[in-house]
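Remarks on the overall topology
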Amino acid sequence: MMPAIRAKASGKTAFVNVRLLDPATGLDQTGGLLTQDGIIVDLGPSVTRDTAPGDCRIIDGEGRCLAPGLVDMRVQLREPGFEHQETIETAGKSAATGGVTTMVALPNTDPVIDDVAGVEFIARRARKVGLAKVFVYGAVSKGIEGHEITEMGLLHQAGAVAFCDGVKTIASPRLLRQALAYTTFFDGMIIQHPEEPELSRGGDMNSGELATRLGLSGISPLAEVIQIERDIRLAEMTGGRLHFSHISTGESVEVIRKAKKRGLKITCDTAPFYFALNENAVSDYRTFAKLAPPLRSEEDRQAIVMGLVDGTIDTIASDHNPQDQDSKRLPFAQAAAGGVGLETLLPITLELYHNGHMSLLEAIGKVTSAPATLMKLAGHGTLKPGSSADIVMFDPDRPAKIDPYKFQSKSKNSPFDGRLIQGVVLRTLIDGREVFTHTSCIEGS
Amino acid sequence: MSVMGPEADHYPHPHLLGIEGLTPGEITLILDRAQHYAEKNRTADKTSNILAGSTVVNLFYENSTRTLTSFELAAKRLGADVINMTVGTSSVKKGETLIDTAMTLNAMNPDALVVRHGDSGAVKLLSEKVNCTVLNAGDGRHEHPTQALLDALTIRRHKGRLHRLTVAICGDIAHSRVARSNILLLNTMGSRVRLIAPPTLIPSKIDRMGVEIFHDMEEGLKDCDIVMMLRLQLERMEGSFIPSVREYFHFHGLDRAKLANAKPDALIMHPGPMNRGVEIDSEVADDVERSVIREQVEMGVAVRMATLEILVQNQRNLAGDRK
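Note that the structure is a prediction, hence the values are computed from the model and not measured.

Quick look at helix α9 (residues 245-252) of chain B now. Residues and elements named next belong to chain B. Along α9, the positions that sit buried rather than exposed are Y248, F249 and H252. Projected down its long axis, α9 carries its buried residues within an arc of 105°, all on one side. Set apart from the buried face of α9 by more than 90 degrees, the exposed residues are R246 and H250.

Put into structure tokens, the structure is as follows:
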């Protein structure tokens, strides 16, 4: 098989008659955008069909939105080691379909990404595949076993954008303290999966009435809050940058809000599951809604929305966690946790806009400029001239129904199965190359 | 009777997965039929051929002697062919998934599957994959509907009703599917349920199921009509739920002194197998005046005959309709 060469598109393309959305600069206006050789060279109301250079391809957006491609800061590629669930290529296709042009991958592969060779392997594979740009997190501990820290400085130099132990909590306060302190010399960041392991051990879903009725073991929301409270202390003590992933409870929002007010370098994200669903999705033992952390109460869901609105929650990440059928078609307690997310990230995020919680520009910012800034990915998640032409064109209003069997991802485990949504990705471009075109936009159709 | 709601002339569900979702009329329908079998079982003419030609498979993923025997006897008394499959936990780990097993059994065209499984929801999952009727013989900590029905039948035979009774369910609520099914049934029928247990054995937010919670036995048992003891399921306990068996018996074991707080004619019940000297004192357990523990076992066969008959007949009628 010939490796695909990841090339920049040559020539010029003008997108005209589009609603430009660039959260990084606050731009939200009708106009056009011009790319040349895979780079954005101009944008604004002055770029029109009439002003576009004569030798360029013109795409008329008919008033649809044009935004930076999505930056998804929490994706499990499952390659190497779990290729029956996902590969860099299938994840790349899934990302393209979902309008995601940059992914940051977790290191919990087999082997674990805990050395420079692992970082380079992913980078090389991603270049060959030539779809979404892939960055990786290095593991905090060797083998993500929670004992010794990895060669964090070397990993950072090799391109690891931050550090985490995959879906495991960095449980040892000593290890987390060392990791936070050590990474300050290159201003690195530690990403924590906040779930106190002893309190959450053996749990299947959110604790409470529903878990009791279903006879399932509960995971208290406190398991998350306790971990966050402890870790904030360690971040304060060391001066390290600490980011909490997929927070799911109202109390977590409250605690992080206070820490931010005190000026600590604390940030956090959530996943669409936690602002669009509550624990009732688990009723009838629906294993596709088994997630880690578990779906919480309706009050928690609302608090997560408010945390996004007031900026306590910095970013939205898909938390893409592909699981095969065999891992999900089991009694609830035995089933694997996790859901795929790349192809639903945009439409579910748009619910925040459709439900009146935030502007379209703000919603898009949570999945573009905010994660790019947090990860220090200069030139990503923005339409600024000089940036790579990583672009998504979408119709924010077009209705659709989520059908996992149409997903490009190798796995179909979506808790959003059958959900009615508004918002459809029409085109995705990476370095100016069109990697996804919605059937309704294919010329001649 | 108004508290009973409308009477049901048939059981409309394809399976018996739990008490949840059953109406008072449907529960009464089953109990009336079970009462018929209870009487018949005390005569010399115990058997019938009502399910002759049908196959009942008992698929047990957890060890059980009494429930398995009870279902087996019930099916045999109705004339069905019975196959028992006891699947140990270790052989499950070796290979076949629950769904594979279900598909395999389904291919043999049984008329009813009686399933016990250690995971909550497993029986429902299996019921979605097979064409025959499925009876839940206990799934994890979720439900054990035939136990609640046999308890109800026993109570009704002694008290003449299932409404306006105060029933105390005592002990290991956290790990008990019996407790959940009984709470649902007794609430549906209009009785008041109290739970008595140390705080570590009371599951989170169970008060929302419409029960009163007590930690003190004497207080909780006051004026109760029924005292239902649960087995302390030490095998399901991970971590420190109780400090010791000795301490548990001291505070929460049923003995004559604690029982004195209940009504003088209060019945003593236990789903078995009993841990004598742990949750119940032998003197109380064997009290012929008060304890109906052996009658519960007897009613178990009757209730299982009734449910098997109703469900298999339902299925036959459905198959007939399709033709």
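Okay, back to it.
A separate point is the pairing of strand β5 (residues 65-68) of chain A. Residues and elements named next belong to chain A. Across two bridges, strand β1 (residues 12-22) lies against β5 in parallel orientation. Residue pairing for β5: R19 is matched across the bridge by C65. Two strands pair when backbone bridges link them, and β5 and strand β16 (residues 391-401) are joined in this way by four bridges, in the antiparallel orientation. Across the sheet, the residue bridging to C65 is F394, located in β16.

Before going further, it helps to examine the UniProt feature "binding site: carbamoyl phosphate" (unreviewed entry) in chain B. Residues and elements named next belong to chain B. When the UniProt feature table is mapped onto this chain numbering, "binding site: carbamoyl phosphate" (unreviewed entry) sits at R66, T67, R116, H144, Q147, G272 and P273. Topologically, Q147 is positioned in helix α6 (residues 145-159). Judged by its relative accessible area of 6%, Q147 falls in the buried class. With residues up to four places along the chain from it excluded, the contact list for Q147 reads V178, P271, Q296 and R304.

As a further point, take the interface of chain A and chain B. On the side of chain B, 22 residues touch chain A, which itself brings 18 residues to the contact. Buried surface at the junction of chain A and chain B, summed over both partners, amounts to about 1600 Å²; 54% is from carbon and sulfur atoms. Among the residues chain A hides against chain B, the three largest losses belong to T212, R213 and Y285 of chain A. Together they make up 36% of the total. If you look at where chain A meets chain B, you find two salt bridges. Between chain A and chain B we count eight residue pairs in polar contact (both at pLDDT 80 or more) in total.

As a further point, take the UniProt feature "binding site: L-aspartate" (unreviewed entry) in chain B. Those residues carrying the UniProt feature "binding site: L-aspartate" (unreviewed entry) are K94, R177 and R231 of chain B in this numbering. Setting aside its immediate chain neighbours within four residues, R231 of chain B contacts D172, H270, G272, P273, N275 and E279 of chain B.

The strands that make up a sheet pair up through hydrogen bonds in the backbone, lying either parallel or antiparallel. All names here are of chain B. An order of β7-β6-β5-β8-β9 is seen for the five strands of this open sheet, with the pairing classed as parallel. Both edges of this open sheet fall to β7 (212-214) and β9 (267-269), since each of them pairs with a single strand only. Taking the axes of each pair of neighbouring strands and ignoring which way they run, one obtains an average angle of 20° across the sheet. When strand β6 (residues 192-196) meets β7, the two strands line up parallel, connected through three bridges. Residue pairing across strands places I196 opposite F214, the latter belonging to β7. Contacting β8 (226-229) and β9, α6 runs over the sheet at an angle of about 165° to β9.

With that settled, the discussion passes to the state of the cysteines. All names here are of chain A. Applying the stated criterion to the full structure yields zero disulfides over all chains. With no disulfide of its own, C164 lies 15 Å from the sulfur of C268, the closest cysteine sulfur. Taking the relative accessible area as the measure of exposure, C164 reaches 1% and is therefore buried.

The next thing to look at is the nonpolar core. M103 and I190 of chain A are the most contacted members of the largest nonpolar core, which has 94 residues in total. Listed in part, the 72 residues of the second largest apolar core include L78, A112, V211 and L267 of chain B.

Okay, the domain arrangement of chain B next. Frequently, the measure chosen for interface size is the accessible area removed from exposure when the parts meet. All names here are of chain B. Per the domain assignment, the segments making up chain B are domain 1 (15-143 + 298-317) and domain 2 (145-292). Residue-level contacts link 35 residues of domain 1 with 26 residues of domain 2. For the pairing of domain 1 and domain 2, the buried interface totals around 2400 Å² over both sides, and the portion due to carbon and sulfur atoms is 63%. Taken together, the links from domain 1 to domain 2 amount to two salt bridges. One salt bridge connects E62 with R177, and the closest N-O pair in it is separated by 3.0 Å.

Moving on to the sheet that holds strand β7 (residues 100-105) of chain A. All names here are of chain A. Taken in spatial order, the eight strands of this open sheet run β6-β7-β8-β9-β10-β13-β14-β15, and their pairing is parallel. The sheet is open, and its two borders are formed by β6 (70-75) and β15 (315-316), each paired with just one other strand. Helix-sheet contacts for helix α8 (residues 250-261) involve β13 (241-244) and β14 (266-270), and the interaxial angle to β14 is about 150°.

Moving on: the packing of α6 of chain B against helix α7 (residues 177-189) of chain B. Residues and elements named next belong to chain B. Packing of α6 against α7 brings their axes to within 8 Å, and their N-to-C directions diverge by 55°. Classified by the angle between their axes, α6 and α7 sit oblique to one another. Relative to α7, α6 is oriented so that their crossing is right-handed. Side by side, α6 and α7 meet where P145, Q147, A148, L149, D151, A152 and I155 of the first sit next to V178, S181, N182, L185 and L186 of the second. The residue inventory of the contact of α6 with α7, partitioned by class, reads eight nonpolar, three polar and one charged.

Rules used throughout
Residues numbered from 1 in each chain as written. Chains lettered and ligands numbered in written order. Predicted model: local features only at pLDDT ≥ 70, side-chain atom pairs only at ≥ 80, totals over all residues. Heavy atoms only, no water. Buried < 20%, exposed > 50% of the residue type's maximum accessible area, 1.4 Å probe, protein only. Helix = DSSP H or I, 4+ residues; strand = E, 2+ residues; numbered from the N terminus. Arc of directions from axis to C-beta. Pairing = 2+ DSSP bridges. UniProt positions renumbered as here; feature names shortened; annotations may be inferred. Contact = heavy atoms within 4.5 Å. Buried area = accessible area lost by both parts, 1.4 Å probe. Salt bridge = Lys/Arg side-chain N within 4 Å of Asp/Glu carboxyl O. Polar contact = N/O pair within 3.5 Å; in protein donor to acceptor, adjacent residues only side chain to side chain. Axes fitted to C-alpha atoms, helices over the stretch in contact; angles between N-to-C directions. Disulfide = S-S within 2.5 Å. Core = buried A, V, L, I, M, F, W, Y, C linked by side-chain atoms within 4.5 Å. Domains from an automatic or database assignment. Parallel < 35°, antiparallel > 145°, perpendicular 65-115°, else oblique. Left-handed = near helix turned anticlockwise from the far one by under 90°. Nonpolar A, V, L, I, M, F, W, Y, C, P; charged D, E, K, R; others polar.

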